[in-house]
Amino acid sequence: MLGIEKKAARNTWTAVLILLLVGCVYLIREAIIVFAVALLLTYLLYPLFSVLNRILPGSSRGPALALVYLILFAIVTLMVLSVGSQVAEEANSLATQLPVLLNRVQSDTDKVPVPRAAKSIQDQIIDQARAQLTEHSGELVSLVPQYSLKLLSGSRYLLLAIVVPIISFFMLKDGGLIREELIDLLSTGRNRDLVEDVLSDVHLLLLQYMRALFTLCLSVFASFALVFSVMGVPDALLLATIAFPLEFVPLVGPLAGAVIIMVVVVFSGYAHPLWVFAFLGLYRLFQDYVLSPNLISVGVELHPLLVIFGVFAGGQLGGVAGVFLSVPLLAMARIIIRRIRKQRISAPEHVAVT
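It should be emphasised that the depicted structure is a prediction, and the values quoted were computed from it without experimental measurement.

A. Highlighting the packing of helix α9 (residues 236-246) against helix α10 (residues 252-267). In contact at an axis separation of 8 Å, α9 and α10 are set at 165 degrees when each is read in the N-to-C sense. When the interaxial angle is binned, α9 and α10 end up roughly antiparallel. As α9 runs across α10, the sense of the crossing is right-handed. In this structure, α9 contributes Leu239, Ile242, Ala243 and Leu246 to the contact, and α10 contributes Gly253, Pro254, Ala256, Gly257, Ile260, Ile261, Val264 and Val265. Broken down by class, the residue content of the contact of α9 with α10 amounts to ten nonpolar, two polar and no charged.

B. Region of interest: α10. For α10, built from 16 residues, the straight-helix expectation of 22 Å at 1.5 Å per residue is met to within 8% by its first-to-last C-alpha distance of 23 Å. Those residues of α10 lying buried are Gly253, Pro254, Gly257, Ile261, Met262, Val264, Val265, Val266 and Phe267. Among the residues trailing α10, Gly269 stands out with phi positive, at a value near 80 degrees.

C. Here's a closer look at the layout of surface pockets. Its boundaries defined by the atoms lining it, the second largest pocket holds a volume of some 1,800 Å³. If you go around the second largest pocket, you meet 50 residues; those closest to its centre are Leu39, Val202, Leu206, Leu329 and Met332. Looking at the lining of the second largest pocket, the elements with two or more residues in it are α1 (6-27), α2 (29-55), α6 (155-173), α7 (175-186), α8 (191-231) and α12 (304-353). A total of 15 residues in the lining of the second largest pocket trace back to one element, the largest contributor, which is α12. Considering only residue class, the lining of the second largest pocket consists of 34 nonpolar, twelve polar and four charged.

Conventions adopted
Residues numbered from 1 in each chain as written. Predicted model: local features only at pLDDT ≥ 70, side-chain atom pairs only at ≥ 80, totals over all residues. Heavy atoms only, no water. Axes fitted to C-alpha atoms, helices over the stretch in contact; angles between N-to-C directions. Helix = DSSP H or I, 4+ residues; strand = E, 2+ residues; numbered from the N terminus. Parallel < 35°, antiparallel > 145°, perpendicular 65-115°, else oblique. Left-handed = near helix turned anticlockwise from the far one by under 90°. Contact = heavy atoms within 4.5 Å. Nonpolar A, V, L, I, M, F, W, Y, C, P; charged D, E, K, R; others polar. Expected span 1.5 Å × (residues − 1). Buried < 20%, exposed > 50% of the residue type's maximum accessible area, 1.4 Å probe, protein only. 1 Å grid on protein atoms, 1.4 Å probe; cavity = no way out; pocket = protein on both sides within 12 Å on 5 of 7 lines; lining within 4 Å. Points joined across faces, edges and corners; volume = space filled by probe spheres on them.

If you want it as C-alpha coordinates, here you go:
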(Lines give C-alpha, C1' and ligand atoms only; values in the text may rest on other atoms or scores of the structure.)
Protein backbone atom coordinates (compact mmCIF):
# COMPACT_ATOMS: atom_id res chain seq x y z
CA MET A 1 0.00 0.00 0.00
CA LEU A 2 1.34 3.43 -1.11
CA GLY A 3 4.58 1.71 -2.13
CA ILE A 4 5.73 1.21 1.48
CA GLU A 5 6.90 -2.20 2.58
CA LYS A 6 5.52 -3.55 5.85
CA LYS A 7 9.01 -4.39 7.18
CA ALA A 8 10.34 -0.90 6.45
CA ALA A 9 7.27 0.70 8.06
CA ARG A 10 7.61 -1.51 11.15
CA ASN A 11 11.31 -0.63 11.50
CA THR A 12 10.54 3.07 11.08
CA TRP A 13 7.84 3.03 13.72
CA THR A 14 10.15 1.12 16.07
CA ALA A 15 12.86 3.76 15.65
CA VAL A 16 10.31 6.55 16.23
CA LEU A 17 9.03 4.89 19.41
CA ILE A 18 12.57 4.44 20.70
CA LEU A 19 13.32 8.11 20.08
CA LEU A 20 10.10 9.11 21.84
CA LEU A 21 11.00 6.86 24.78
CA VAL A 22 14.47 8.40 25.01
CA GLY A 23 12.93 11.87 24.89
CA CYS A 24 10.47 11.03 27.68
CA VAL A 25 13.26 9.60 29.81
CA TYR A 26 15.26 12.80 29.32
CA LEU A 27 12.31 14.97 30.32
CA ILE A 28 11.71 13.04 33.55
CA ARG A 29 15.41 12.44 34.28
CA GLU A 30 15.24 14.19 37.65
CA ALA A 31 12.49 11.86 38.88
CA ILE A 32 14.42 8.86 37.55
CA ILE A 33 17.56 10.04 39.37
CA VAL A 34 15.60 10.34 42.64
CA PHE A 35 14.30 6.78 42.33
CA ALA A 36 17.76 5.52 41.32
CA VAL A 37 19.34 7.10 44.41
CA ALA A 38 16.56 5.57 46.53
CA LEU A 39 17.29 2.20 44.94
CA LEU A 40 20.98 2.43 45.85
CA LEU A 41 20.03 3.39 49.42
CA THR A 42 17.75 0.34 49.44
CA TYR A 43 20.64 -1.92 48.51
CA LEU A 44 22.80 -0.28 51.15
CA LEU A 45 20.21 -1.19 53.80
CA TYR A 46 19.21 -4.55 52.30
CA PRO A 47 21.87 -6.76 53.98
CA LEU A 48 20.83 -5.56 57.44
CA PHE A 49 17.15 -5.89 56.56
CA SER A 50 17.67 -9.41 55.24
CA VAL A 51 19.42 -10.53 58.44
CA LEU A 52 16.79 -8.99 60.71
CA ASN A 53 13.96 -10.39 58.61
CA ARG A 54 15.34 -13.91 59.13
CA ILE A 55 15.93 -13.46 62.85
CA LEU A 56 12.68 -11.78 63.86
CA PRO A 57 9.64 -14.08 64.21
CA GLY A 58 6.61 -13.82 61.97
CA SER A 59 6.14 -13.53 58.23
CA SER A 60 5.56 -9.76 58.19
CA ARG A 61 8.40 -7.48 57.09
CA GLY A 62 7.14 -4.63 59.26
CA PRO A 63 9.24 -5.29 62.41
CA ALA A 64 12.44 -5.75 60.39
CA LEU A 65 11.78 -2.56 58.41
CA ALA A 66 11.06 -0.56 61.55
CA LEU A 67 14.20 -1.84 63.24
CA VAL A 68 16.35 -1.08 60.17
CA TYR A 69 15.24 2.54 60.10
CA LEU A 70 15.58 2.89 63.86
CA ILE A 71 19.17 1.64 63.61
CA LEU A 72 19.83 4.01 60.69
CA PHE A 73 18.41 6.95 62.64
CA ALA A 74 20.44 5.98 65.71
CA ILE A 75 23.69 5.74 63.73
CA VAL A 76 23.13 9.10 62.02
CA THR A 77 22.24 10.74 65.33
CA LEU A 78 25.28 9.23 67.05
CA MET A 79 27.58 10.40 64.26
CA VAL A 80 26.16 13.91 64.38
CA LEU A 81 26.47 14.14 68.16
CA SER A 82 29.93 12.58 68.46
CA VAL A 83 31.70 13.76 65.31
CA GLY A 84 29.48 16.60 64.15
CA SER A 85 30.24 18.92 67.09
CA GLN A 86 34.00 18.66 66.60
CA VAL A 87 33.66 19.06 62.83
CA ALA A 88 31.51 22.15 63.34
CA GLU A 89 34.12 23.62 65.71
CA GLU A 90 36.91 22.99 63.22
CA ALA A 91 34.84 24.46 60.38
CA ASN A 92 34.03 27.59 62.40
CA SER A 93 37.68 27.93 63.41
CA LEU A 94 38.81 27.59 59.80
CA ALA A 95 36.23 30.12 58.60
CA THR A 96 37.32 32.58 61.30
CA GLN A 97 41.02 32.16 60.54
CA LEU A 98 40.64 32.31 56.74
CA PRO A 99 41.00 36.13 56.40
CA VAL A 100 44.03 36.06 58.72
CA LEU A 101 45.63 33.24 56.73
CA LEU A 102 44.99 35.06 53.45
CA ASN A 103 46.59 38.24 54.80
CA ARG A 104 49.56 36.28 56.11
CA VAL A 105 50.09 34.53 52.79
CA GLN A 106 49.74 37.86 50.97
CA SER A 107 52.34 39.48 53.22
CA ASP A 108 54.71 36.56 52.73
CA THR A 109 54.49 36.82 48.96
CA ASP A 110 55.05 40.61 49.07
CA LYS A 111 58.39 40.21 50.83
CA VAL A 112 61.67 40.32 48.97
CA PRO A 113 61.99 36.91 47.35
CA VAL A 114 64.84 34.62 48.27
CA PRO A 115 66.95 33.48 45.27
CA ARG A 116 65.46 30.34 43.79
CA ALA A 117 68.76 28.49 44.04
CA ALA A 118 68.79 28.98 47.82
CA LYS A 119 65.39 27.37 48.25
CA SER A 120 64.61 23.71 48.46
CA ILE A 121 62.27 22.06 45.98
CA GLN A 122 59.60 21.81 48.66
CA ASP A 123 59.81 25.56 49.42
CA GLN A 124 59.61 26.41 45.73
CA ILE A 125 56.49 24.26 45.26
CA ILE A 126 54.86 25.74 48.37
CA ASP A 127 55.65 29.29 47.24
CA GLN A 128 54.18 28.65 43.82
CA ALA A 129 51.03 27.12 45.30
CA ARG A 130 50.59 29.95 47.75
CA ALA A 131 51.14 32.54 45.03
CA GLN A 132 48.46 30.99 42.84
CA LEU A 133 46.03 30.65 45.74
CA THR A 134 46.68 34.23 46.84
CA GLU A 135 46.22 35.54 43.30
CA HIS A 136 42.78 33.92 43.02
CA SER A 137 41.80 34.10 46.70
CA GLY A 138 39.57 37.11 46.12
CA GLU A 139 37.60 35.25 43.48
CA LEU A 140 37.25 32.19 45.70
CA VAL A 141 36.10 34.18 48.72
CA SER A 142 33.60 36.13 46.60
CA LEU A 143 32.07 32.88 45.37
CA VAL A 144 31.40 31.57 48.89
CA PRO A 145 28.38 33.81 49.66
CA GLN A 146 26.98 33.26 46.16
CA TYR A 147 27.01 29.48 46.36
CA SER A 148 26.01 29.51 50.03
CA LEU A 149 22.83 31.39 49.10
CA LYS A 150 22.16 28.94 46.28
CA LEU A 151 22.61 26.04 48.67
CA LEU A 152 20.33 27.58 51.27
CA SER A 153 17.71 28.49 48.70
CA GLY A 154 17.69 24.98 47.28
CA SER A 155 15.06 23.71 49.69
CA ARG A 156 14.24 20.88 47.30
CA TYR A 157 17.42 19.12 48.40
CA LEU A 158 16.07 19.04 51.95
CA LEU A 159 12.83 17.65 50.55
CA LEU A 160 14.75 14.97 48.64
CA ALA A 161 16.55 13.99 51.84
CA ILE A 162 13.11 13.13 53.23
CA VAL A 163 11.59 11.65 50.07
CA VAL A 164 14.48 9.30 49.20
CA PRO A 165 14.31 7.30 52.48
CA ILE A 166 10.53 7.04 52.11
CA ILE A 167 10.87 5.63 48.59
CA SER A 168 13.58 3.29 49.84
CA PHE A 169 11.24 2.10 52.61
CA PHE A 170 8.62 0.99 50.09
CA MET A 171 11.27 -0.63 47.90
CA LEU A 172 12.45 -2.71 50.85
CA LYS A 173 8.89 -3.55 51.84
CA ASP A 174 7.59 -4.58 48.41
CA GLY A 175 10.82 -5.50 46.62
CA GLY A 176 9.79 -9.10 45.93
CA LEU A 177 6.38 -8.07 44.62
CA ILE A 178 7.93 -5.41 42.36
CA ARG A 179 10.34 -8.01 40.98
CA GLU A 180 7.56 -10.45 40.13
CA GLU A 181 5.47 -7.73 38.49
CA LEU A 182 8.47 -6.63 36.44
CA ILE A 183 9.15 -10.20 35.29
CA ASP A 184 5.51 -10.66 34.26
CA LEU A 185 5.58 -7.34 32.40
CA LEU A 186 8.80 -7.91 30.46
CA SER A 187 8.83 -11.65 29.89
CA THR A 188 6.90 -13.74 27.39
CA GLY A 189 7.49 -17.48 26.93
CA ARG A 190 11.13 -18.53 27.01
CA ASN A 191 12.31 -14.94 27.59
CA ARG A 192 11.21 -15.30 31.22
CA ASP A 193 14.44 -17.13 32.07
CA LEU A 194 16.47 -14.31 30.51
CA VAL A 195 14.64 -11.63 32.49
CA GLU A 196 15.01 -13.59 35.75
CA ASP A 197 18.74 -14.09 35.12
CA VAL A 198 19.26 -10.40 34.31
CA LEU A 199 17.39 -9.27 37.44
CA SER A 200 19.36 -11.73 39.59
CA ASP A 201 22.65 -10.46 38.16
CA VAL A 202 21.63 -6.82 38.67
CA HIS A 203 20.56 -7.63 42.24
CA LEU A 204 23.98 -9.12 43.07
CA LEU A 205 25.75 -6.27 41.28
CA LEU A 206 24.01 -3.53 43.25
CA LEU A 207 24.49 -5.38 46.54
CA GLN A 208 28.19 -5.76 45.92
CA TYR A 209 28.63 -2.26 44.52
CA MET A 210 26.99 -0.50 47.46
CA ARG A 211 28.82 -2.68 49.97
CA ALA A 212 32.14 -1.93 48.29
CA LEU A 213 31.42 1.79 47.91
CA PHE A 214 30.37 2.24 51.53
CA THR A 215 33.42 0.28 52.71
CA LEU A 216 35.70 2.48 50.60
CA CYS A 217 34.11 5.64 52.03
CA LEU A 218 34.53 4.40 55.61
CA SER A 219 38.13 3.45 54.83
CA VAL A 220 38.82 6.96 53.51
CA PHE A 221 37.29 8.60 56.58
CA ALA A 222 39.12 6.39 59.08
CA SER A 223 42.48 6.51 57.27
CA PHE A 224 42.44 10.26 56.66
CA ALA A 225 41.33 11.08 60.21
CA LEU A 226 43.98 8.81 61.76
CA VAL A 227 46.92 9.75 59.52
CA PHE A 228 46.17 13.48 59.52
CA SER A 229 45.90 13.46 63.31
CA VAL A 230 49.22 11.63 63.67
CA MET A 231 50.88 14.02 61.21
CA GLY A 232 49.50 17.02 63.07
CA VAL A 233 47.52 18.35 60.13
CA PRO A 234 45.14 21.16 61.20
CA ASP A 235 41.42 20.33 61.12
CA ALA A 236 42.11 16.63 60.53
CA LEU A 237 38.60 15.44 61.36
CA LEU A 238 37.03 18.14 59.19
CA LEU A 239 39.16 17.15 56.20
CA ALA A 240 38.30 13.46 56.68
CA THR A 241 34.61 14.34 56.92
CA ILE A 242 34.81 16.32 53.67
CA ALA A 243 36.54 13.42 51.89
CA PHE A 244 33.96 10.85 53.10
CA PRO A 245 30.90 11.91 51.01
CA LEU A 246 33.04 12.92 48.01
CA GLU A 247 34.21 9.31 47.73
CA PHE A 248 30.68 8.37 46.65
CA VAL A 249 31.15 10.38 43.43
CA PRO A 250 33.40 8.39 41.06
CA LEU A 251 36.54 9.97 39.64
CA VAL A 252 35.51 13.57 40.28
CA GLY A 253 34.82 13.24 44.03
CA PRO A 254 38.23 11.92 45.17
CA LEU A 255 40.01 14.50 42.99
CA ALA A 256 37.91 17.32 44.43
CA GLY A 257 38.55 16.04 47.96
CA ALA A 258 42.32 15.96 47.39
CA VAL A 259 42.28 19.51 46.01
CA ILE A 260 40.26 20.81 48.99
CA ILE A 261 42.58 19.09 51.45
CA MET A 262 45.72 20.51 49.81
CA VAL A 263 44.23 24.03 49.69
CA VAL A 264 43.38 23.93 53.40
CA VAL A 265 46.80 22.46 54.29
CA VAL A 266 48.70 25.10 52.30
CA PHE A 267 46.62 28.01 53.62
CA SER A 268 46.85 26.81 57.21
CA GLY A 269 50.63 27.08 57.15
CA TYR A 270 51.26 23.40 57.82
CA ALA A 271 55.02 22.74 57.80
CA HIS A 272 55.02 19.59 55.63
CA PRO A 273 52.36 19.85 52.88
CA LEU A 274 54.36 17.58 50.57
CA TRP A 275 53.98 14.76 53.10
CA VAL A 276 50.20 15.20 52.88
CA PHE A 277 50.39 15.21 49.08
CA ALA A 278 52.49 12.04 49.13
CA PHE A 279 50.04 10.33 51.49
CA LEU A 280 47.10 11.19 49.24
CA GLY A 281 48.90 9.75 46.23
CA LEU A 282 49.97 6.56 48.02
CA TYR A 283 46.52 6.01 49.47
CA ARG A 284 44.93 6.41 46.04
CA LEU A 285 47.30 3.78 44.63
CA PHE A 286 46.51 1.46 47.55
CA GLN A 287 42.75 1.90 47.09
CA ASP A 288 42.75 1.55 43.29
CA TYR A 289 45.08 -1.46 43.06
CA VAL A 290 44.65 -3.30 46.39
CA LEU A 291 41.45 -2.40 48.22
CA SER A 292 38.99 -1.91 45.34
CA PRO A 293 39.90 -5.12 43.44
CA ASN A 294 39.31 -7.15 46.61
CA LEU A 295 35.91 -5.54 47.20
CA ILE A 296 34.61 -5.48 43.64
CA SER A 297 34.56 -8.61 41.51
CA VAL A 298 35.97 -8.78 38.01
CA GLY A 299 32.50 -8.75 36.46
CA VAL A 300 31.74 -5.33 37.96
CA GLU A 301 34.96 -3.64 36.88
CA LEU A 302 34.79 -1.20 33.98
CA HIS A 303 37.48 0.10 31.67
CA PRO A 304 38.80 3.52 32.79
CA LEU A 305 37.84 5.10 29.45
CA LEU A 306 34.27 3.88 29.90
CA VAL A 307 34.19 5.26 33.44
CA ILE A 308 35.47 8.66 32.25
CA PHE A 309 32.86 8.75 29.48
CA GLY A 310 30.11 7.78 31.93
CA VAL A 311 31.18 10.45 34.42
CA PHE A 312 31.09 13.21 31.79
CA ALA A 313 27.83 11.98 30.25
CA GLY A 314 26.22 11.60 33.67
CA GLY A 315 27.33 15.09 34.65
CA GLN A 316 25.79 16.54 31.49
CA LEU A 317 22.47 14.74 32.02
CA GLY A 318 22.03 14.81 35.78
CA GLY A 319 24.73 16.90 37.43
CA VAL A 320 26.36 15.44 40.55
CA ALA A 321 23.65 12.79 40.85
CA GLY A 322 24.29 11.73 37.26
CA VAL A 323 28.00 11.37 37.97
CA PHE A 324 27.20 9.32 41.07
CA LEU A 325 24.90 6.98 39.13
CA SER A 326 27.07 6.64 36.02
CA VAL A 327 29.21 3.70 37.15
CA PRO A 328 26.41 1.41 38.44
CA LEU A 329 24.30 2.16 35.35
CA LEU A 330 27.18 1.29 33.03
CA ALA A 331 27.84 -1.90 34.98
CA MET A 332 24.16 -2.83 34.76
CA ALA A 333 24.15 -2.20 30.99
CA ARG A 334 27.21 -4.41 30.65
CA ILE A 335 25.52 -7.24 32.56
CA ILE A 336 22.34 -7.00 30.46
CA ILE A 337 24.31 -7.05 27.19
CA ARG A 338 26.37 -10.05 28.34
CA ARG A 339 23.23 -11.98 29.33
CA ILE A 340 21.49 -11.29 26.03
CA ARG A 341 24.61 -12.28 24.09
CA LYS A 342 24.94 -15.47 26.11
CA GLN A 343 21.33 -16.43 25.41
CA ARG A 344 21.76 -15.80 21.67
CA ILE A 345 24.86 -18.02 21.59
CA SER A 346 23.15 -20.83 23.49
CA ALA A 347 19.84 -20.56 21.59
CA PRO A 348 20.90 -22.61 18.50
CA GLU A 349 22.23 -25.39 20.74
CA HIS A 350 18.93 -25.43 22.63
CA VAL A 351 16.94 -25.66 19.40
CA ALA A 352 19.22 -28.44 18.08
CA VAL A 353 18.79 -30.50 21.23
CA THR A 354 15.01 -30.13 21.26
